[in-house]
Amino acid sequence: MDIKESVLGRRSVRSYLEKEVSLEDIADILEVARFSPSAANTQNWKVIVVTDSKLRTEIASICRSKEWMAEAPVHLVICNEYSKLSKMFEPLGKMFSIQDCAILATNIVNLAHAAELGTCWVGSFPPESIKKLLALPEDGVDPEIILTLGYSAEKPKVTKRKDISDFCYFDKWDKKDAKFKPKSPLDKIREKFLDKIKK
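In this text, all values refer to a predicted model and were calculated from it rather than measured experimentally.

Engineer: Let's hear about the side chain of Asp 142: which residues, and what values?
Structural biologist: Along the chain, the position of Asp 142 falls in strand 4 (residues 141–150). A polar contact is formed between the side chain of Asp 142 and the side chain of Lys 94, at a distance of 3.3 Å. Not counting chain neighbours up to four residues away, the residues in contact with Asp 142 comprise Ile 78, Cys 79, Asn 80, Tyr 82, Lys 94, Lys 131 and Leu 136.

Laid out in structure tokens, this is it:
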């Protein structure tokens, strides 16, 4: 599966099979994801791989009562060790460090899909509660993103996407160019994936 197929085929999965994901499969995903870009190559992310069922249930409870999260056999808690970047790039370093974690997480969800695993990105949680539960350092580290990971038990609905002309401007805000079109429109490719999903 190439990068286009992974991006086009990925969906947010909120129902999972009772099937274990091997540590080797998780390691394979993170081994590639670690090459994600980061500000000043600080690689400021830390990933806590949570497989303990009790911890997953507690995380699900913390995350705005998202009980479905507990079904996922793995939670990847993406943490941000932001101190170095905050000092290097004041006053914007903390923002850069969050962006780095988002890049890593984006690559993880696409790599997981390529490995036939489902994910869902969760960002709605009180950070202090997650920090306490997973024994994160009090200072200099924040949990930014939680990714559920497992074998999908559903075929998520395909969501409608905006056309490129709806969000791309040139030189200035709201300035469009009617000639701006991709060489290979993805409509036909996307239709192929829709057919696969329906089967």
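Engineer: Tell me about helix 2 (residues 23–33), and name the residues and values.
Structural biologist: Within helix 2, burial applies to Ile 26, Ile 29 and Ala 33. Buried residues of helix 2, seen end-on, are gathered within an arc of 65° and therefore sit on one face of the element. Away from its buried face by more than 90 degrees, helix 2 exposes Leu 23 and Glu 24. Buried residues in helix 2 make contact with strand 1 (45–50), strand 2 (74–81), helix 5 (93–114) and strand 4.

Engineer: Before we move on, could you go through the packing of helix 2 against helix 5 and cite the residues and values that matter?
Structural biologist: Two elements in contact, helix 2 and helix 5, have axes separated by 9 Å at closest approach and are oriented at 135°. In terms of their interaxial angle, helix 2 and helix 5 are classed as oblique. The interaxial crossing formed by helix 2 with helix 5 has right-handed handedness. In this structure, helix 2 uses Ile 29, Leu 30, Val 32 and Ala 33 to contact helix 5, whose residues at the interface are Leu 104, Ile 108, Leu 111 and Ala 112. Broken down by class, the residue content of the contact of helix 2 with helix 5 amounts to eight nonpolar, no polar and no charged.

Engineer: Describe the sheet that holds strand 1, listing the residues and the values that go with them.
Structural biologist: Taking strand neighbours across the sheet as the criterion, the four strands line up as 1-2-4-3 in an open arrangement whose pairing is antiparallel. Each edge of the open sheet carries a strand with a single partner, namely strand 1 and strand 3 (118–122). The sheet shows a mean angle of 25° between the axes of neighbouring strands, direction not considered. Where helix 2 meets the sheet, it contacts strand 1, strand 2 and strand 4, and its direction lies at approximately 170° from that of strand 1.

Engineer: Account for helix 3 (residues 53–62), with residues named and values stated.
Structural biologist: Residue pairs spaced three or four apart in an α-helix point in one direction, given the helix's 3.6 residues per turn. By the burial criterion, the buried members of helix 3 are Arg 56, Ile 59, Ala 60 and Ile 62. What you see down the axis of helix 3 is that its buried residues fit within an arc of 160°, all on one side. In helix 3, the exposed positions that point more than 90 degrees away from the buried face belong to Lys 54 and Ser 61. Where helix 3 is buried, its residues meet strand 1, strand 2, helix 6 (127–133) and strand 4. The residue sitting at the N-terminus of helix 3 and contributing the capping side-chain oxygen is Asp 52; that oxygen lies 3.1 Å from the backbone nitrogen of Lys 54. Positive backbone phi, approximately 55°, marks Arg 64, located one or two places after helix 3.

Basis of the calculations
Residues numbered from 1 in each chain as written. Predicted model: local features only at pLDDT ≥ 70, side-chain atom pairs only at ≥ 80, totals over all residues. Heavy atoms only, no water. Helix = DSSP H or I, 4+ residues; strand = E, 2+ residues; numbered from the N terminus. Polar contact = N/O pair within 3.5 Å; in protein donor to acceptor, adjacent residues only side chain to side chain. Contact = heavy atoms within 4.5 Å. Buried < 20%, exposed > 50% of the residue type's maximum accessible area, 1.4 Å probe, protein only. Arc of directions from axis to C-beta. Axes fitted to C-alpha atoms, helices over the stretch in contact; angles between N-to-C directions. Parallel < 35°, antiparallel > 145°, perpendicular 65-115°, else oblique. Left-handed = near helix turned anticlockwise from the far one by under 90°. Nonpolar A, V, L, I, M, F, W, Y, C, P; charged D, E, K, R; others polar. Pairing = 2+ DSSP bridges.

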